[in-house]
Amino acid sequence: MTKITAAITAIGGFVPEYRLTNKELETLVDTNDEWIRTRTGVEERRILKGEGLATSDMAAPAVLDLCKKRGISPEEIDCIICATVTPDMFFPATANIISDKIGAINAFSFDIAAACSGFLFALTTGTSLVESGRYKKVVVVGADKMSSIVDYSDRATCIIFGDGAGAVLLEPNQEGNGVMDSILRSDGSGKNYLHMKAGGSAKPASIETVMAKEHYIYQEGQAVFKFAVKGMADVSYELLQRNNLTGEDIAWLVPHQANLRIIDATANRMGLPKEKVMINIQKYGNTTAATIPLCLWDWENQLKKGDNIVLAAFGGGFTWGATLIKWAYNSVE
Ligand code: UT7
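A separate point is the site of the ligand. Around the ligand sit 21 residues, and of these Thr31, Arg39, Gln222, Asn259 and Asn286 come closest. Taken together, the elements giving at least two residues each to the shell around the ligand come down to helix H2 (33-40), helix H6 (155-158), helix H8 (221-242) and helix H9 (260-270). With 4 residues, the single largest contributor to the shell around the ligand is H8. When its residues are assigned to classes, the shell around the ligand shows 9 nonpolar, 8 polar and 4 charged. Residues lining the shell around the ligand come from more than one domain, with at least three contributed by each of domain 1 (5-176) and domain 2 (180-326).

The structure is reproduced here in structure tokens:
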């Protein structure tokens, strides 16, 4: 019996309309366009504005986008996995809310919290569901409304993050294409460098936690930067080695968009020229779980059947990983 592989067969995306530019940030904190561009690569980021609008309000249109492209009804979806650190609510899972919003009445759904590596962790989980032979249509969506946990008076973090959602459909593939391999890692001791201090069971929300601004992202940027450069580059290189590939065999690197300098370090380690690296950090910033699917969404028309593609991420936890995909279709658009 031939092994069932899980292939991405459609991509959807959604970014809010509002563009928060570096110029506007200059009016909020002591920063400047030049510093932000050279230290991070970000020029603008999208922000979800509107009372009551949440992560699911970006994820739902992203999933509907891929349903439309693939010509399927949400009722055909077997499972929805949402990677996010900014869920609509503590519970129920945002994936449950997405299912309800789009009418995916036959799907079971759950969230995965692995910060910026969330999409890769969810993709590997979804892949296993399809490879089991039991599920035929699994949606993996990475979505984050980072603006809901960013302190816009903290120049060290507010310049980086943005809002957005990207989604892929996984289906069984008979030609041996799809997700080929993954290396995923986590190290919980990294929590000290990147976390949200309050609001969880360790320190429930109180007037004091709100006054102390403990419901925002806390990041020790330089420490995270060092771990990220090493983690993302090492794991991507290891993935190539164990699949007997070199940079020349790779059509595209799809890196998490946290900082242009981290992306460059990973590409260099893999021996990849810049032309083979997807970069859209300048227009969306760091959308956490959404960066990788939003790159795929932006580049979909350039992907060709048989292309070897490496996805790589590093994020809070710490969590990190890399995934090798043999692309399964030529875009018809
Ligand atoms: O996606 C999840 C994982 N997260 C990451 O991968 C993020 C990793 N970290 C980073 O990307 C970078 O560390 C940051 C972009 C967050 C910061 O860049 P950096 O080059 O590490 O800056 P730094 O924190 O070392 O600060 C350098 C200088 C400092 O001034 P002094 O002490 O040298 O006078 C900062 O106060 O830049 C100053 N600075 C700023 N200046 C203007 C820090 N933030 C800003 C700012 N505008 N926004």
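From this point, the discussion proceeds with the structure in view.
Further remarks concern the pairing of strand S13 (residues 319-326). Counting buried positions along S13 yields 7 of 8 residues, so the element is predominantly enclosed. As judged from the 8 bridges shared by strand S8 (residues 178-186) and S13, these two strands associate in the antiparallel manner. Among the inter-strand pairings, aspartate 181 is bridged to a residue of S13, identified as leucine 324. Pairing analysis gives 8 bridges linking strand S12 (residues 308-315) to S13, with the strands arranged antiparallel. Across the sheet, residue leucine 311 finds its bridge partner in S13, namely threonine 323. Adjacent in sequence and paired antiparallel, S12 and S13 are bridged by 3 residues, among which glycine 317 carries a positive phi angle near 145 degrees.

Turning to the sheet that holds strand S4 (residues 79-83), a few remarks are in order. One open sheet accounts for 5 strands, arranged S1-S7-S6-S4-S5; its pairing is mixed. Each edge of the sheet is formed by a strand with only one pairing partner; in this case those strands are strand S1 (5-14) and strand S5 (108-112). Direction aside, neighbouring strands of the sheet carry axes that sit 20 degrees apart on average. Taken strand by strand, helix H4 (residues 94-102) contacts S4, S5 and strand S6 (138-145), and its axis lies near 140 degrees from that of S5.

Looking now at the domain arrangement of the chain. Splitting the chain by domain gives domain 1 (5-176) and domain 2 (180-326). Here domain 1 and domain 2 have C-alpha centroids that lie 14 Å from each other. The contact between domain 1 and domain 2 buries some 3700 Å² in all, and 64% of this surface belongs to carbon and sulfur atoms. Its largest share of buried area at the contact with domain 2, domain 1 owes to Ile11, Cys116 and Leu120, together 17% of the area lost on that side. For aspartate 151, the salt bridge goes to lysine 213, with nearest N and O atoms at 3.7 Å. Where domain 1 packs against domain 2, one counts 18 residue pairs in polar contact (both at pLDDT 80 or more).

Residues Ile217, Ile250, Leu253, Val310 and Phe314 are the most contacted members of the largest nonpolar core, which totals 40 residues. For this core, the secondary-structure elements that each account for two or more residues are H8, H9, S12 and S13. Split by domain, this core shows at least three residues from each of two domains, domain 1 (5-176) and domain 2 (180-326). Among residues more than four places away in sequence, those in contact with leucine 253 are Thr266, Ala267, Met270, Leu272, Lys276, Val277, Met278, Val310 and Ala312. If you look at the next biggest cluster of nonpolar residues, it comprises 36 residues, including Ala289, Trp299, Ile325 and Tyr329.

About the cut-offs
- Residues numbered from 1 in each chain as written.
- Predicted model: local features only at pLDDT ≥ 70, side-chain atom pairs only at ≥ 80, totals over all residues.
- Heavy atoms only, no water.
- Near = heavy atom within 4 Å.
- Helix = DSSP H or I, 4+ residues; strand = E, 2+ residues; numbered from the N terminus.
- Nonpolar A, V, L, I, M, F, W, Y, C, P; charged D, E, K, R; others polar.
- Domains from an automatic or database assignment.
- Buried < 20%, exposed > 50% of the residue type's maximum accessible area, 1.4 Å probe, protein only.
- Pairing = 2+ DSSP bridges.
- Axes fitted to C-alpha atoms, helices over the stretch in contact; angles between N-to-C directions.
- Contact = heavy atoms within 4.5 Å.
- Buried area = accessible area lost by both parts, 1.4 Å probe.
- Salt bridge = Lys/Arg side-chain N within 4 Å of Asp/Glu carboxyl O.
- Polar contact = N/O pair within 3.5 Å; in protein donor to acceptor, adjacent residues only side chain to side chain.
- Core = buried A, V, L, I, M, F, W, Y, C linked by side-chain atoms within 4.5 Å.

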